[in-house]
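# Inside the fold
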Amino acid sequence: MDDSVYKADALIAEDINAYLEAHQRKSLLRFITCGSVDDGKSTLIGRLLYDSKMIFEDQLAQLEADSKTQGTQGQEIDFALLVDGLSAEREQGITIDVAYRFFATEKRKFIVADTPGHEQYTRNMVTGASMAELAVILIDARKGVLTQTRRHSYLVHLLGIRNIALAVNKMDLVAYARETFEAIVADYAAFAQSIGVEGFTAIPISGFKGDNITALSTHTPWYQGPTLMQHLEEVELDQQIEQRAAFRMPVQWVNRPNLDFRGFAGKVASGAVKPGDEVRILPSGKTSRVDRIVTFDGDLEMAIAGQSVTLTLKDEIDCSRGQVIAAAKDPLEVADQFEATLIWMDEEHLIPGRSYYMKIGAQTVSATMSQPKYQINVNTLEHAAAKTLELNDIGVVTVTTDRAIPFVPYAENRELGGFILIDKMTNGTAGAGLIHFALRRSQNIHWQAMDVDRAHRARLKNQKPVVLWMTGLSGAGKSAIANAVEKRLARMNRHTFLLDGDNVRHGLNKDLGFTEADRIENIRRVGEVAKLMTDAGLIVITAFISPFRSEREMVRQMMEPGEFIEVFVDTPLQVAEERDVKGLYAKARSGELKNFTGIDSPYEPPEMPEIRIDTTAMSIDEAAERIVDRIID
Amino acid sequence: MSHSTHFARLESEAIHIMREVVAEAENPVMLYSVGKDSAVMLHLAKKAFYPAPPPFPLLHVDTTWKFQDMYRLRDKAANDAGMELLVYHNPEAMEKGINPFDHGALHTDLWKTEGLKQALDKWAFDAAFGGARRDEEKSRAKERVFSFRTAQHRWEPKSQRPELWSLYNARKAKGESIRVFPLSNWTELDIWQYIHLEGIEIVPLYFSAPRPTVVRDGLILMVDDERFPLAPGEQPVTRSIRFRTLGCYPLTGAVESDASTLPDIIREMLLTTTSERQGRAIDNEQSASMEVKKQQGYF
Ligand SMILES: Nc1nc2c(ncn2[C@@H]2O[C@H](COP(=O)(O)OP(=O)(O)O)[C@@H](O)[C@H]2O)c(=O)[nH]1
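Residues numbered from 1 in each chain as written. Chains lettered and ligands numbered in written order. Predicted model: local features only at pLDDT ≥ 70, side-chain atom pairs only at ≥ 80, totals over all residues. Heavy atoms only, no water.

### Overview of the packing of aromatic side chains
Tallied over the full model, the rule gives 30 aromatic pairs over all chains. Between W65 of chain B and Y249 of chain B, the aromatic rings sit 6.1 Å apart at their centres with planes inclined by 50°, giving tilted as the arrangement. Of this pair, W65 of chain B sits in the loop between β2 (58–61) and α3 (68–81) while Y249 of chain B sits in the loop between β9 (237–242) and β10 (255–256); the two residues are 184 residues apart in sequence, bridging distant segments of the chain. Residue class for W65 of chain B comes out buried when judged on its relative accessible area of 7%. Centre to centre, the rings of W123 of chain B and F125 of chain B are 6.1 Å apart; their planes meet at 35°, and the pair counts as tilted. Grouping aromatic residues by their ring pairs yields a cluster made of W65, F67, F101, F228, F243 and Y249 of chain B. Its end group placed over the ring of F191 of chain A, R150 of chain A keeps NZ or CZ at 5.9 Å from the ring centre. (Phe/Tyr/Trp six-rings, centres within 6.5 Å; stacked < 30°, edge-to-face > 60°. Helix = DSSP H or I, 4+ residues; strand = E, 2+ residues; numbered from the N terminus. Buried < 20%, exposed > 50% of the residue type's maximum accessible area, 1.4 Å probe, protein only. Lys NZ or Arg CZ within 6 Å of the ring centre and 35° of its normal.)

Below, the structure is given as structure tokens:
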């Protein structure tokens, strides 16, 4: 090991204040390491931690002991064991995730996102890469550029990482051969160029032996540098680039401690701002000037990308969470339809047309995705047609939001061009998206006064209103199926309402009995209520015996054509009577109950129901699935 | 502090996280354990919401066995910040007189783990800031900033969400809650140096001073009050000690040290050869214990 590592030690012992001075001025680089299993990722990270003195003696003693028992390197220290805290979890079946590790050199502090190279790889890598400014792509010198290398590089590039360090590892196992290194670099360069990577820095290393990690190796006299550590210390930070862009700050929180103070708190996403600067609030388009930049440590003369500040404005204008304060002369675009790349992260696949929450900047809106225009095979980078996106799939879609939102293309700004999608039922993070560009611009937004009619209400709910009218004998299974249908629809974020004997007989129709006239009136009222509900845009499910053809026909006539869907829950009398869950058939047979359908009152089965369910041949869930499939396209 | 340093970025990130929680949670609270990490977290909260005071209370889940100095600083810090301080004692632990001398692991379980759940339920908090860091332990390296808990306060590995960019998904069903760790990306060195740079007040026990001590199971323990059981004829020995972490005084081991200023402490920390958690009795069990504790709702 080289001795530069010990310089810090000497300084700490002799002049701690000078050391602290230096530490205080360090910048921060977040990076991600990518490699296939056994390329030496853990070994390299362990080596970086070790070489930057992040390992304590108790940990080292443990490491030496573990290396002998569990290590893969004989009697030598196996650095991989330092970071393999995840192996235990693997055995316990706990989800493998992104692990974050920390180390510092004399110049910089580093946060490493370490993504294990197993299943869920795309999801984890994308997560780790989203915050990284540099990627170390590991290649096993014996194997060269593999499919995985291409996949990693594509993802890293997709997520907008500008700096790629190609670490050609295990050079000790190829006798530090220059030709091997150069062949791999040439191979990689051709591929990198083909996916639009502008440049990369290739370094021949041995994570295990320590070559070219912190000091140039005598084994590779043909390589002039930089070392991996040096490269990590010197690469330009994104923050420096972001600072040169136009000013944008999403408002996270409005600070109103009293009537005299109204501050807009947020983290500057790009550019810089000074008191007196003219700013525009988006999407409202209102303009004002910055009055003060308020912080706990006193007012600032200037705030720049990356800083969390609180701005006050000269004018009393409306501005709330999610809006973006931007340079007035260079405001950002506002739109409600975009093309975007989507990375799916949920076990449940993307449902095109379904409404998800979309969080972008400090704003959460509702959004629907189109069917993918195409899906990208991360191994071959070929485009393929797709109806949906499954876990770890990547595709390009059209995103439509329920209102216009300010944004910046992802390629220009990650904070205002990257979004997550949230499943409205589970609240889980279902996907991540990168905005390419707006498809429908709303440079000038004037909201049109609109007629709120039934079509509009239905559109808002993203669904076609219908009445699912279940008819059948008592005990046929109408309520059970109706319930299952409603649950299924709710899971798909459809807005529904279930009308059945329970919620109608006790209120609206409390005054009705079971004579023929009352039964018809019962159905008429249910029909009217169902109609109002379809006007409101709902999917209405009803569960009434409704034995007479004429009354069902009456309800059908109330509805718009195609809206009434008659579902015949077909259960033979004998079967229903055998089930007799409520004991009603027994009572009817004994004469205790009068006018009981099927016994002493007729049931007229539908002649041409839209859907017929044979409950002797189908489970409740199968029936529900069949019905839902019929009405949802 | 220059805007491009790692401190500026860590600070800005923590402030951003706290503001997100306040904007999205219904009833947030800050878990305040009076240690150095809590001190930094509280300081950052003051920055995040300035000129308003932080818009949530501080919650101390107490065991009655903390160092006296901790109680003093706790009350003062809450008062200085203009924040409400909630102190919770698990009534069952209180009634049974649970203590670290007689009850071992049950002490932590009842006072802290159960106490925390009870307190969160009592006030119906749906988001709780905690000062845990990813560098503390191998198994914490992959902990999320927003960590989800079921209505029973369990940590389900399967329901943790990927965190991309600085977009935190704070949505949850009724009854579920979130633990939020704004200091996730800070290291122990960062914490100490930030305390130094910002002049944050911390419990004096972190600084070396002559204190009455006894040695138990290889740990140097401080005799902080008369409840400490001494062997017949045993006299506490005065040693120059300080603490690298603070908890219940009968469970927290001291180190012998002369470090009486923050730079001294940092020097000692950097040159020291053992990791922070060695002084905590709770961790000397199997390595996965933190994971198990988390699942049970310990933090
Ligand atoms: N000879 C040699 N072996 C290495 C090197 N880097 C890693 N290894 C070994 O390759 C194997 C896999 O390494 P590991 O770091 O666990 O790979 P990971 O799956 O990418 O994290 C282990 O046996 C390592 O000791 C290297 O530079 N040279």
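### A few points about the environment of D121 of chain B
Residue and element names in this part refer to chain B. Within the fold, D121 resides in helix α6 (residues 105–123). Relative accessible area serves as the criterion here: at 49%, D121 is assigned to the partly exposed category. Residues D121 and A151, 30 residues apart in the sequence, show an inter-C-alpha distance of 9.3 Å.

### Thoughts on the packing of helix α2 (residues 36–49) of chain B against helix α7 (residues 188–198) of chain B
Residue and element names in this part refer to chain B. The N-to-C vectors of α2 and α7 enclose an angle of 55°; their axes lie 10 Å apart at closest approach. Classified by the angle their axes make, α2 and α7 are oblique. The two elements α2 and α7 cross, and the hand of that crossing is left-handed. Facing α2, whose interface residues are K36, D37, V40, H43, L44 and K47, α7 presents E188, I191, W192, Y194, I195 and E198. Among the residues forming the contact of α2 with α7, the class breakdown is six nonpolar, one polar and five charged. (Axes fitted to C-alpha atoms, helices over the stretch in contact; angles between N-to-C directions. Parallel < 35°, antiparallel > 145°, perpendicular 65-115°, else oblique. Left-handed = near helix turned anticlockwise from the far one by under 90°. Contact = heavy atoms within 4.5 Å. Nonpolar A, V, L, I, M, F, W, Y, C, P; charged D, E, K, R; others polar.)

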